[in-house]
Amino acid sequence: MTFPIEVKNLSYQYSGRKEKVLREIDLQVNRGEVLGIVGLSGNGKSTLCYCICGIIPHIFKGRLEGEVLLFGKPVKTMDLTTVATQVGIVFQDPDTQLFSPTVEDEIAFGPENLCLDREEIGERIFDAIKVVGMEKHRHDNPHYLSGGQKQLIALASILSLKPQILIFDETMAQIDLAGKKLIKEKIRQLKKDGKTIIMIEHDFENLDVADRIMVLKDGRLGSFQGRL
């Protein structure tokens, strides 16, 4: 069986660090599953995200052991453009991902860099913005939107690349209850659409949409036993 995400005996040590951040991690995530990963700060949650989405080893260098497979293919042998069409990541602070003057331009950026034709780009903008329910903000400047709305636009910009895997890296950490409700609604919808989702969180209240929860502690990943 081929999993959307499969991690085999993964360990990682940043250049210049004495200790490994990740230690012998094994993980399989099924299609359409929402997996929650919790852990205290500094335990390697974001580093694991970077390994899955190709930032490690393609951008951040260090000592990498084991491997990450996306639909059976090793991330380390894929170029970043290909990885971006397989897996997308929405970060904690949407302002780090939003830089265009309008929502439409923001969503178009990824498809334009794939050198798609204008008709295809237009269709992807329409589809992505419809999924997140932000049609009326299409021509707005994203920097003037609320925190939750910004996260939805960041998500739409990822969806325009049509990845089958989505990672939410503490996406709800800086938004209010209304914003969290919006994000959770979209996660439920994406799950129904067959997307595979990883939610990196420190707040268990944000994981009521998860099918399974695992804990990352001291660089090791294990089943949730009711404590960190």
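Preceding block: the structure.
These remarks concern the structure in this document. All figures in this text were calculated on a predicted structure; none of them were measured in a lab.

### Regarding the side chain of S11
Phase 1: As for its position among the elements, S11 is in strand β1 (residues 5-14).
Phase 2: For S11, a relative accessible area of 3% corresponds to the buried category.
Phase 3: When residues no more than four places from it in sequence are discounted, the contact partners of S11 are K20, L22, R23, E24, R63, L64 and E65.

### Describing the packing of helix α4 (residues 103-113) against helix α5 (residues 118-131)
Phase 1: Closest axis-to-axis distance for the α4/α5 pair is 9 Å, and the angle between their directions is 125 degrees. As far as their axial angle goes, α5 and α4 are oblique. Between α4 and α5 lies a crossing whose hand is right-handed. Packed against α4, whose contacting residues are V103, E104, I107, A108, P111 and E112, the element α5 presents I121, R124, I125, A128 and I129 at the interface.
Phase 2: Classifying every residue of the contact of α4 with α5 gives 8 nonpolar, no polar and 3 charged.

### Thoughts on the sheet that holds strand β5 (residues 73-74)
Phase 1: The 4 strands lie next to each other as β2-β1-β4-β5, forming an open sheet whose pairing is antiparallel. Whereas interior strands pair on both sides, the edge strands pair on one side only; in this sheet they are β2 (22-29) and β5.
Phase 2: Packing of helix α1 (residues 45-52) onto the sheet brings it into contact with β1, β2 and β4 (62-70), and relative to β1 it is tilted by some 120 degrees.

### Re the sheet that holds strand β3 (residues 34-38)
Phase 1: Here we have 6 strands laid out as an open sheet, ordered β6-β7-β8-β3-β9-β10, and mixed in their pairing. Every interior strand has two partners, whereas the edge strands, β6 (87-90) and β10 (220-223), have only one. With direction set aside, neighbouring strand axes in the sheet form an average angle of 20 degrees.
Phase 2: Note that strand β9 (residues 212-217) and β10 share 4 bridges and pair antiparallel.

### Observations concerning the packing of aromatic side chains
Phase 1: Tallied over the entire structure, the rule returns 3 aromatic pairs.
Phase 2: Measuring from centroid to centroid gives 4.9 Å for Y12 and Y14, while their planes differ by 85 degrees, and the two rings are edge-to-face.
Phase 3: Ring centres of Y50 and F60 lie 5.5 Å apart, and the angle between their planes is 80 degrees; on these two criteria the pair is classed as edge-to-face. Taken together, the residues span a long stretch of sequence, with Y50 in helix α1 and F60 in the loop between α2 (55-58) and β4 at a distance of 10 residues.
Phase 4: Taking the relative accessible area as the measure of exposure, Y50 reaches 18% and is therefore buried.
Phase 5: According to the relative accessible area criterion, F60 is partly exposed, its value standing at 35%.

### A word on empty space enclosed by the protein
Phase 1: All told, the structure shown has 1 cavity of 30 Å³ or more when counted by the stated rule.
Phase 2: Space inside the largest cavity adds up to approximately 60 Å³.
Phase 3: In terms of lining, the largest cavity is formed by L10, C51, I56, P57, L64, G66, E67, V68, V75 and K76.
Phase 4: Of all the elements, β4 adds the most residues to the lining of the largest cavity, at 4 residues.
Phase 5: Class assignment for the residues of the lining of the largest cavity results in 7 nonpolar, 1 polar and 2 charged.

What counts as what
Residues numbered from 1 in each chain as written. Predicted model: local features only at pLDDT ≥ 70, side-chain atom pairs only at ≥ 80, totals over all residues. Heavy atoms only, no water. Helix = DSSP H or I, 4+ residues; strand = E, 2+ residues; numbered from the N terminus. Buried < 20%, exposed > 50% of the residue type's maximum accessible area, 1.4 Å probe, protein only. Contact = heavy atoms within 4.5 Å. Axes fitted to C-alpha atoms, helices over the stretch in contact; angles between N-to-C directions. Parallel < 35°, antiparallel > 145°, perpendicular 65-115°, else oblique. Left-handed = near helix turned anticlockwise from the far one by under 90°. Nonpolar A, V, L, I, M, F, W, Y, C, P; charged D, E, K, R; others polar. Pairing = 2+ DSSP bridges. Phe/Tyr/Trp six-rings, centres within 6.5 Å; stacked < 30°, edge-to-face > 60°. 1 Å grid on protein atoms, 1.4 Å probe; cavity = no way out; pocket = protein on both sides within 12 Å on 5 of 7 lines; lining within 4 Å. Points joined across faces, edges and corners; volume = space filled by probe spheres on them.

As far as function goes, none of this settles anything; it's purely spatial.
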